Amino acid sequence: TQETPWWKNATIYQIYPASYKDSNGDGIGDLQGILGQLDYIKSLGVDAIWICPHYDSPQHDMGYDVANYEAVYAPYGTVEDVEAIIEASHKRGLRVLLDLVINHTSDEHAWFKESRLSKTSPKRDWYIWRPAKYDADGTRRPPNNWRGFFGGSAWEWDEATQEYYLHLFAVQQPDVNWENPETRAAIYESAMEFWLRKGIDGFRVDTVNMYSKDQSFRDAPVIDPKNEFQLDPSLFCNGPRIHEFLREMGQILLKYGACTVGELPATPEIVDVLKYVSAKEQQLSMVFQFDIVDSGKGRDLQYQTTPRNWTLPDFRERVRRTQGLSDGSTDGWSTSFLENHDQARSVSRWGSEKTPELWSLSAKMLAMLVGTLSGTLYVYQGQEIGMVNAPEDWPISEYKDLDSLNYYNYVKEQTGNHPIALKATKTALAHLARDHARLPMQWDDTPNAGFSTENAKTWMRVHDNYKTLNVERQTDDPSSVLSFWRELLRIRHVHPMLFAQGVFKDTDPSHESVFLFEKISDDQKLVVALNFTGERQSIDLTEPLGGGSRKTLLKNYEEGSESLDILQPYEGRVYLVE
Ligand code: TEU
Ligand code: CA
């Protein structure tokens, strides 16, 4: 049998540079800030870091609009700073992943600037240009009815050259034409090898399944009749040549022994996911599936800020479905995560903020869930201290993300400023907006939470709760959320075959309040019991715990409370049975 690659049993800590640590008081986090926190990161017990886009960018989408792959966004620092992070991380035994954003570039990238110069520009075909369509009365229309992820038509009219270009995301994020081999070669060289040569260990690969588009660009079916434009990711995700492209890209990664985690939206069928991560395919090491984090969101992807009724049976079914990829039953691999920079905070979604006690209990309970699932574990900055969503009463002016603001403005326009509709939208954003994950990291109780200097104007407002919820306060407290995460990550490394690679078994799939499951490996198993409610719940642990000897590995209540038939509010326990 083959040796397990390093990333399978690993925990990877995700860093959002703008919001992690500001070293020079301009209110924006930066690379020197990250460099100064590497000892803290190491102390968590993680194995690697993934840094969100640090590239030169006009920042319409927080760096997911890259203007130059080989340069660093000046407020973040320099290429030398990245080299310093790579070196200092490696010295500490931490590996480094960078973000790879290659479905689109910024409209300020030199390639696009050249492409838009004229229809005969040598780089015209590096992007996706199409002629307009005209109605009988001469009204100009885009080539098809696709809606972009951030609202409006996915096509933008270019007055100078009288054609439309495709942008699945913001207007300022034109999609690259992957059909052109010359373009692909340029991407591999500039976006990938430039950084691989500097010794990074891998990439998180943005929107990994959108590079190959069906060249017919046919209209999407109308599912939202009120809207002129329709969002149907199945028309541009998992396209006809995607696996050919990723195999080609995989050859370059192989040369450097780099790992990849691909972001894989709109791919519900496991057989389709496996095509990306099957080891023999040599495409990607693992993927982020959206099943779990999409639980409780509206069906419509753009308007996913609309919460619908969340149920535990639906949630656990999503867990079950995705666990099968990392339990040895296939040659694929996947990930376990509850948060990232595009998701609201997990405690605010599935835990409780009602009292400080329930907050702490539920943060630990959710840690026990994500930390005992198979796959590579990802922890998002601030998750390790139980950071929560921005307060509900913050005005819309505190929201900065274009996804949130476009959505809010769309509702405003559609309803003619209707106060009830706007209030509902505001509530939805307070639950699910991407902004919540982007609030500054809370390091201590000084003004600006130690994220920046005390007088700085931070790019996003610091959460009101930073005086009580911060790293410093939790550091020496053995009962803190932070201490709990450290213990969890330590134990996960002691039992990788159970935690990272075990076979998941849902013991009681229909239970509405308690998530009871097992992780099995040979003659050992974990029994995980999690109360997802603020009330006491009765359970029966005698059967799952029966047979062998048992040991409690993790729990969020003190000694003496370990009843085998009652779980306290948000109580969680992890047993080892052998
Ligand atoms: O996200 C891709 C993606 O699929 C998003 O549409 C996701 O569903 C959305 O953010 C949820 O609201 C990636 C990045 O993670 C995101 O930050 C970027 O905005 C996006 O790509 C464009 O590069
Ligand atoms: Ca700064």
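Residues numbered from 1 in each chain as written. Chains lettered and ligands numbered in written order. Predicted model: local features only at pLDDT ≥ 70, side-chain atom pairs only at ≥ 80, totals over all residues.

(A) Structural detail: the domain arrangement of the protein. Domain boundaries in the protein define domain 1 (11-105 + 181-481), domain 2 (110-166) and domain 3 (503-577). One C-alpha centre belongs to domain 1, the other to domain 3; they are set 30 Å apart. Domain 1 puts 22 residues into the contact, and the matching count from domain 3 is 21 residues. Of all the elements in the fold, those that place two or more residues in the side of domain 1 that touches domain 3 are α9 (312-323) and α11 (356-372). Per-element tally for the side of domain 1 that touches domain 3: the top contributor is α11, with 8 residues. Counted by class, the side of domain 1 that touches domain 3 contains 9 nonpolar, 7 polar and 6 charged residues. (Domains from an automatic or database assignment. Contact = placed C-beta atoms within 7 Å. Helix = DSSP H or I, 4+ residues; strand = E, 2+ residues; numbered from the N terminus. Nonpolar A, V, L, I, M, F, W, Y, C, P; charged D, E, K, R; others polar.)

(B) Main features of the packing of helix α12 (residues 402-414) against helix α13 (residues 419-432). Running from N to C, α12 and α13 cross one another at 165°; their axes reach a closest spacing of 9 Å. Our classification of the angle between α12 and α13 gives roughly antiparallel. α12 and α13 meet at a crossing whose hand is right-handed. Taking contact as the criterion, the partners of Ser404, Tyr407, Tyr408, Val411 and Lys412 in α12 are, on α13, Ala421, Leu422, Thr425 and Leu429. Across the contact of α12 with α13, the residue classes break down as 6 nonpolar, 2 polar and 1 charged. (Axes fitted to C-alpha atoms, helices over the stretch in contact; angles between N-to-C directions. Parallel < 35°, antiparallel > 145°, perpendicular 65-115°, else oblique. Left-handed = near helix turned anticlockwise from the far one by under 90°.)

(C) Fine view of the sheet that holds strand β22 (residues 572-577). Taken together, 5 strands build an open sheet; the order of strands is β16-β17-β18-β22-β20 and the sheet is antiparallel. Two strands bound the open sheet, and with one partner strand each, they are β16 (503-506) and β20 (550-555). Across the sheet, the axes of successive neighbouring strands diverge by a mean angle of 20°, strand direction being ignored. Looking at chain direction, strand β17 (residues 514-521) and strand β18 (residues 524-531) are connected through 8 bridges and run antiparallel. Opposite Phe517, over in β18, you have Val528 as the bridge partner. (Pairing = 2+ DSSP bridges.)

(D) Quick look at the sheet that holds strand β15 (residues 376-380). The 8 strands lie next to each other as β13-β12-β11-β5-β2-β1-β15-β14, forming an open sheet whose pairing is parallel. The two strands at the open ends of the sheet, each matched to only one other strand, are β13 (286-289) and β14 (335-336). Summarising the sheet, strand β1 (residues 11-15) and β15 pair through 4 bridges and their orientation is parallel. For Tyr13, the partnering residue across the bridge sits in β15 and is Val379.

(E) Spotlight on the nonpolar core. One finds Ile15, Ile49, Leu97 and Val287 to be the most contacted residues of the largest nonpolar core, which totals 149 residues. Residue contributions to this core peak at 9 residues, all from α11. Leave out the neighbours within four places in its chain, and Ile15 touches Tyr20, Ile34, Ile49, Trp50, Ile51, Cys52 and Gln381. (Core = buried A, V, L, I, M, F, W, Y, C linked by C-beta atoms within 7 Å. Buried ≥ 20, exposed ≤ 12 C-beta atoms within 10 Å, placed from the backbone.)

(F) Up close: helix α6 (residues 181-196). Of all the bends in α6, the greatest measures close to 30° and is centred on Glu189. Taken together, the buried positions of α6 are occupied by Ile187, Ala191, Met192, Trp195 and Leu196. Looking at the buried residues of α6, the elements they touch are β4 (68-72), β5 (95-100) and α7 (242-256). (Bend = angle between axes of the 7 residues up to and from the residue.)

(G) Representation of the environment of Leu274 within the structure. Position of Leu274 relative to the elements: it lies in helix α8 (residues 270-277). Residues Leu274 and Leu325, 51 residues apart in the sequence, show an inter-C-alpha distance of 7.5 Å. In this view, Leu274 contacts Leu325, Thr330 and Gly332; residues no more than four positions away in its chain are not counted.

(H) The packing of α6 against α7, seen in detail. Here α6 crosses α7 at 25°, and the two axes come no closer than 11 Å. As the angle between them shows, α6 and α7 are arranged roughly parallel. The handedness of the crossing between α6 and α7 comes out as right-handed. Along its contact with α6, which presents Arg184, Tyr188, Met192, Glu193 and Leu196, the element α7 presents Phe245, Glu248, Met249, Ile252 and Tyr256. Counted by class, the contact of α6 with α7 contains 7 nonpolar, no polar and 3 charged residues.

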